[in-house]
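Coordinate inspection notes
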Amino acid sequence: VGLQEGESSPSREFTVTLQKHEGARLGADVDPQGDELVILEIVDGGLVKKWNEQHPEAQIHMFDHIVQVNRVRGNVNAMALECKKCGDLSLTIRRTEPNRLQSSAR
């Protein structure tokens, strides 16, 4: 978001909103790296998998970075705690595009 067509950038950010109710799981195994949570695996039965099935144009991928949860940014412990709360979860995701190019260049 915020990039114009034809503008090159190593990454882009987008926001998804998930409805988390009691007993629901986010369904993403994450690894804290710096001040971001990196998605290592998307688990069956979780909210992320459901989002991906319902929004093929805006899927969350493995190795995407969660940079903000609701209004919490820059603190991985606070972001992880926020993910455990019920209600609306607004996740800001950062995707680094060159990773695909590097892995397909082998």
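Per-chain numbering applies: the sequence of each chain, read as written, is numbered from 1 onward. Given that the model is predicted, a residue must reach a pLDDT of at least 70 before its local features are reported, and side-chain atom pairs must reach 80 or more before they are shown or counted; all residues, however, enter totals for whole chains, interfaces and linings. Calculation of side-chain values draws on the structure's entire complement of heavy atoms; hydrogens and water are dropped beforehand.

1. So, the overall build of the protein
A tally of regular secondary structure across the protein gives 3 helices and 6 strands. Helical segments are the DSSP runs of H or I of at least four residues, strand segments are the runs of E of at least two, and each set is numbered from the N terminus. For the protein, the sequential pattern of α-helices and β-strands runs β-β-β-α-β-β-α-β-α. Burial statistics for the protein: of 106 residues in total, 34% are counted as buried. Residue exposure ignores everything except the shown protein chains as possible cover, and the areas themselves are Shrake-Rupley values with a 1.4 Å probe. If you sum the accessible surface of the protein, you get close to 6900 Å²; carbon and sulfur atoms cover 48% of it. Burial here depends on accessible area, computed with a 1.4 Å probe over protein chains only, as a share of the maximum for the residue type. Under 20% is buried, over 50% is exposed, and the range in between is partly exposed.

2. A look at the pattern of salt bridges
For salt bridges, the criterion is a side-chain nitrogen of Lys or Arg within 4 Å of an Asp or Glu carboxyl oxygen. Under the criterion given, the structure shown has 5 salt bridges. Residue E13 is joined to R73 by a salt bridge in which the shortest nitrogen-to-oxygen separation is 3.1 Å. One end of the pair, E13, is in strand β1 (residues 11–20); the other, R73, is in strand β5 (residues 72–73), and 60 residues separate them in sequence. Given a relative accessible area of 30%, E13 falls into the partly exposed group. Given the relative accessible area of 46%, R73 is considered partly exposed. Among the salt bridges present, the one from D64 reaches R95, with a minimum N-O distance of 2.7 Å. Pair noted here: D64 is in the loop between α1 (47–54) and β4 (65–69) and R95 is in strand β6 (residues 87–96), with a separation of 31 residues, a long-range link. For R95, a relative accessible area of 6% puts it in the buried group.

3. So, the side chain of N52
With respect to the helices, strands and loops of the structure, N52 is situated in helix α1. Throughout, a contact is declared for two residues whenever any of their heavy atoms are within 4.5 Å. Excluding residues within four positions of it along the chain, N52 makes contact with I42, Q59 and I60.

4. Here's the deal with the pairing of β4
The buried fraction of β4 is high, at 5 of 5 residues. Only strands joined by at least two bridges in the DSSP assignment are considered to pair. As defined by bridge partners, strand β3 (residues 36–42) adjoins β4 across 2 bridges and the pair is classed as antiparallel. Note that in β4 the partner of V38 across the bridge is H65. Sheet topology note: the β4/β6 ladder contains 4 bridges and is antiparallel. Paired with Q68 across the strands is T92, a residue of β6. Relative to β5, β4 runs antiparallel, the two being bridged by 2 bridges. Bridge pairing in β5 links Q68 to R73. Between β4 and β5, which pair antiparallel one after the other, the connecting turn spans 2 residues, and N70 there sits at a positive phi close to 55°.

5. Examining a nonpolar patch on the surface
Two joining distances apply to patches: 9 Å for like charges and 5 Å for nonpolar side chains (Val, Leu, Ile, Met, Phe, Trp, Tyr), and every residue must have over 30% relative accessible area and no salt bridge. Taken together, the side chains of L40, M62 and F63 make up a nonpolar region of the molecular surface, amounting to roughly 290 Å² of accessible area. Tracing the chain through its elements places L40 in strand β3. For L40, a relative accessible area of 39% puts it in the partly exposed group.

Keep in mind that these numbers describe shape and distance, not what the molecule does.
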